[in-house]
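Structural features, examined
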Amino acid sequence: MSTADRLAGFTAALRAHGFGIGTGETVDAGYALEAVGFTDRERVREALAATLLHQERQRRVFDQVFELYFPLGRTPEAEPYADTAADLAALRERLADALAAADAGALDRLAAEAVGGFGGFGGFGGVGSVAGSDGWSSYQTLSRVRPETLLVRVRERIRAASGGAEPAFADRLLDDEIRRRVESFRERVRTEARRRVAERRGPEEIARRAVAGTADGVDFLLAGREQLEELRRMVRPLARKLATRLAARRRRAARGEIDLRRTLRGSLSTGGVPVRPVLRRRRPRRPDLVLLCDVSGSVAGFAQFTMVLVRALHDQFARVRVFAFVNRVDEVTELVARGAADPAGLGGLILAEAELTGWHGQSDYGTALGGFVDRYAEAIGPRTVVFVLGDARTNGSDPGLGALRRIADRARRVHWLNPEQPSLWGTGDSVAPVYAEVVEMRPCRNARQLEALIGRLLPV
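Residues numbered from 1 in each chain as written. Predicted model: local features only at pLDDT ≥ 70, side-chain atom pairs only at ≥ 80, totals over all residues. Heavy atoms only, no water.

When helices and strands are counted, the protein shows 19 helices and 10 strands. Going through the 460 residues of the protein one by one, you find that 48% of them count as buried. For the protein, contacts bridging at least 24 residues in sequence account for 72% of all contacts bridging at least 6. By element, 51% of the accessible surface of the protein is carried by carbon and sulfur atoms, the whole surface being about 23,100 Å². (Helix = DSSP H or I, 4+ residues; strand = E, 2+ residues; numbered from the N terminus. Buried < 20%, exposed > 50% of the residue type's maximum accessible area, 1.4 Å probe, protein only. Contact = heavy atoms within 4.5 Å. Areas by Shrake-Rupley, 256 points an atom, 1.4 Å probe, with all protein chains shown as cover.)

The structure is reproduced here in structure tokens:
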């Protein structure tokens, strides 16, 4: 693969993960490579990062894709292990030494050896066969090597090398450092496994299938704990970005539209040529916003992220009210305001202090929508925009279309944001197509889509 083809493939893989890389930036990356050369791989990495990255959170994905398109070297062929248990014990001893010394080069070599020796699967040469393997598994490698169990051994070697006793708090700091080194080794193993598979299948497929994207592109319904935590850290920067966008839209809207009648009247003095258009001034009025959120099951993370984001944007609206439900609805506006300082604990705070369930714990959209209309109808007026957040899965209960129609009739606009992919709407107990006949149903599977929808749908 030529350098130009490698760079083009690399930038295409990053774009597939949502990176905003244009032609000009790709050209800049080529000039950067020409300037730094290819003798130092880390200089190549940093030159490409400087020209292609826009945000710090993109760095993790960038590094993983970089390892596929600019690998350290080809995988050496290895003989099958004669005595797997003895070889595993010897590798763990050398790994403990490398972790204690924080030897990056040794950790790279041990990661390659561990994957080659214990990560091959589907081959004909046994566990350690490389040439006969159909693939390599970082999970299989790490489950056999178990680097996390070496903490005590590594700590003893570090203390023996430093000489002398240390206070108890120093041990805790040392343990944290060892855990960071272990996690670094685990990441080296994952990188090595992806690299070996990419040698056979090509980097394009592995970059698409085996590299997790940035948190803002991960489906809310599939996000793990670490990804949800990263999403929470994104709330304030995202809110600032959206606030700037909404303020700009509001300024443009305040200029008003052309008043055709007055413009034509003024054009009489110029022979009917509208030289000076007359604008119909409008008074900017910030809308009211109501969130109606399903906080049950897997959609809870989506609802909580949106609550915190809207709370950070509250200055952009005349009034914001937030309601949560499972099968009963309750206002949680004040709880969201209190939980904004601790987004991770917001879900527990809402479930503990709000009355969201009746005699069962399953979501019931019909009962919740009906309860909202009966108890909180005054929250909706002609200036109110309503966002309903949920997967529209009723667990076989009455969908409550009459209550949803009453909400739509009272509000300025109702948007339903559904975290499920549209191909699943209408399957099983989903009544999304039925609700879509009453209000606008829009897919909102990740933070990137949520940002685009809020920036586009909110009126000014």
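Right, let's talk about the nonpolar core for a bit. The biggest cluster of nonpolar side chains holds 51 residues, and the ones touching the most others in it are Phe10, Leu48 and Phe185. The biggest single contributor to this core is helix H9 (residues 168-201), with 8 residues. Those residues in contact with Phe185, other than ones at most four positions away along the chain, are Leu95, Leu99, Leu107, Leu110, Ala111, Val145 and Pro147. (Core = buried A, V, L, I, M, F, W, Y, C linked by side-chain atoms within 4.5 Å.)

In this section: unusual backbone geometry. With a phi angle near 50 degrees, Arg146 is a residue other than glycine that sits in the positive phi range. Counting through the fold element by element, Arg146 comes out in the loop between helix H7 (138-145) and helix H8 (151-162). Taking the relative accessible area as the measure of exposure, Arg146 reaches 39% and is therefore partly exposed. For Ala392, which is not glycine, the phi torsion reads 60 degrees and is therefore positive. Counting through the fold element by element, Ala392 comes out in the loop between strand S8 (384-389) and helix H17 (401-410).

A few words on the pairing of strand S9 (residues 413-418). The buried fraction of S9 amounts to 5 of the 6 residues, a majority that puts the element mostly inside the structure. For the handedness criterion, the β-α-β arrangement of S8, H17 and S9 is classed as right-handed. Inspection of the sheet shows S9 paired to strand S10 (residues 440-443) by 4 bridges, in the parallel sense. Within the sheet, the bridge partner assigned to Asn418 lies in S10 and is Pro443. (Right-handed = clockwise from strand over helix to strand, strands pointing away. Pairing = 2+ DSSP bridges.)

A separate point is the packing of aromatic side chains. Using the criterion set out here, one finds 15 aromatic pairs in the structure. Ring geometry for Tyr365 against Tyr435: centres 6.4 Å apart, planes inclined by 50 degrees, an arrangement best described as tilted. Of the two residues, Tyr365 is situated in helix H16 (residues 365-376) and Tyr435 in helix H18 (residues 432-436); the sequence distance between them amounts to 70 residues. Given the relative accessible area of 0%, Tyr365 is considered buried. (Phe/Tyr/Trp six-rings, centres within 6.5 Å; stacked < 30°, edge-to-face > 60°.)

What follows is about the confidence of the model for the protein. One rule of thumb: low pLDDT means the predicted coordinates there are not for detailed reading. Put simply, the protein has an average pLDDT of 84, and 90% of its residues get 70 or more. A low-confidence stretch, residues 78-83 stays under pLDDT 50, and its non-local contacts, those more than four residues away or across chains, total 11 contacts. Note that pLDDT drops below 50 for residues 124-133; the model gives that stretch 26 contacts with residues more than four away or on any other chain. (pLDDT = per-residue confidence, 0-100.)

The next subject is helix H2 (residues 23-36). Across its 14 residues, H2 extends 20 Å between first and last C-alpha, which sits within 8% of the 20 Å expected from 1.5 Å per residue. Every buried residue belonging to H2 is among Thr26, Ala29, Ala32 and Leu33, and all of these are buried. Angular distribution of buried residues about the axis of H2 spans 115 degrees; they occupy a single face of the element. Turned more than 90 degrees from where H2 packs its buried face, Thr23, Tyr31, Glu34 and Ala35 sit exposed. Where H2 is buried, its residues touch helix H1 (3-16) and helix H3 (41-52). (Expected span 1.5 Å × (residues − 1). Arc of directions from axis to C-beta.)

Quick look at the packing of helix H13 (residues 300-312) against helix H15 (residues 346-353) now. Remark: H13 packs on H15, axes separated minimally by 10 Å, with the N-to-C direction vectors making an angle of 100 degrees. The orientation of H13 relative to H15 falls into the category roughly perpendicular. Counting all contacts with H13, which are made through Gln304, Met307 and Val308, the residues of H15 involved are Leu346, Gly347 and Ile350. Residues that form the contact of H13 with H15 fall into these classes: 4 nonpolar, 2 polar and no charged. (Axes fitted to C-alpha atoms, helices over the stretch in contact; angles between N-to-C directions. Parallel < 35°, antiparallel > 145°, perpendicular 65-115°, else oblique. Nonpolar A, V, L, I, M, F, W, Y, C, P; charged D, E, K, R; others polar.)

Strand S6 (residues 319-325) sits mainly inside the fold: 6 of its 7 residues count as buried. Examined bridge by bridge, strand S5 (residues 288-294) and S6 share 7 bridges and lie parallel to one another. If you follow Cys293 over to S6, its bridge partner there is Ala324. After leaving S5, the chain enters H13 and then returns to the sheet as S6, a path that is right-handed.

A few words on the pattern of salt bridges. In total, this model carries 37 salt bridges according to the counting rule given. Put simply, Glu67 and Arg41 hold a salt bridge, and the shortest N to O gap is 2.4 Å. With Glu67 in helix H4 (residues 59-69) and Arg41 in helix H3, this residue pair connects regions lying 26 residues apart in the sequence. Taken as a pair, Glu67 and Arg41 share a single burial class, namely buried. (Salt bridge = Lys/Arg side-chain N within 4 Å of Asp/Glu carboxyl O.)

Strand order in this open sheet of 6 strands is S7-S6-S5-S8-S9-S10, and the pairing throughout is mixed. Edge positions in the open sheet fall to strand S7 (329-331) and S10, since each of these has one partner strand only. Strand-to-strand twist in this sheet, taken as the mean axis angle between neighbours without regard to direction, amounts to 20 degrees. Of the pairings in the sheet, the one linking S8 to S9 comprises 5 bridges and is parallel in character. If you follow Phe387 over to S9, its bridge partner there is His415.

Count 3.6 residues to each turn of an α-helix, and residues three or four apart come out pointing the same way. For H3, spanning 12 residues, the distance from its first C-alpha to its last is 16 Å, which sits close to the expected 16 Å at 1.5 Å a residue. The complete set of buried residues in H3 reads Arg41, Val44, Arg45, Ala47, Leu48, Ala49 and Leu52. The inward-facing, buried residues of H3 contact H1, H2 and H4.

Here the focus is the environment of Asn327. You can see Asn327 is positioned in the loop between S6 and S7. In the structure, Asn327 is positioned 67 residues away from Thr394 in sequence and 9.7 Å away in space, judged by C-alpha atoms. Side-chain polar atoms of Asn327 contact the backbone oxygen of Gln362, separated by 3.1 Å. (Polar contact = N/O pair within 3.5 Å; in protein donor to acceptor, adjacent residues only side chain to side chain.)

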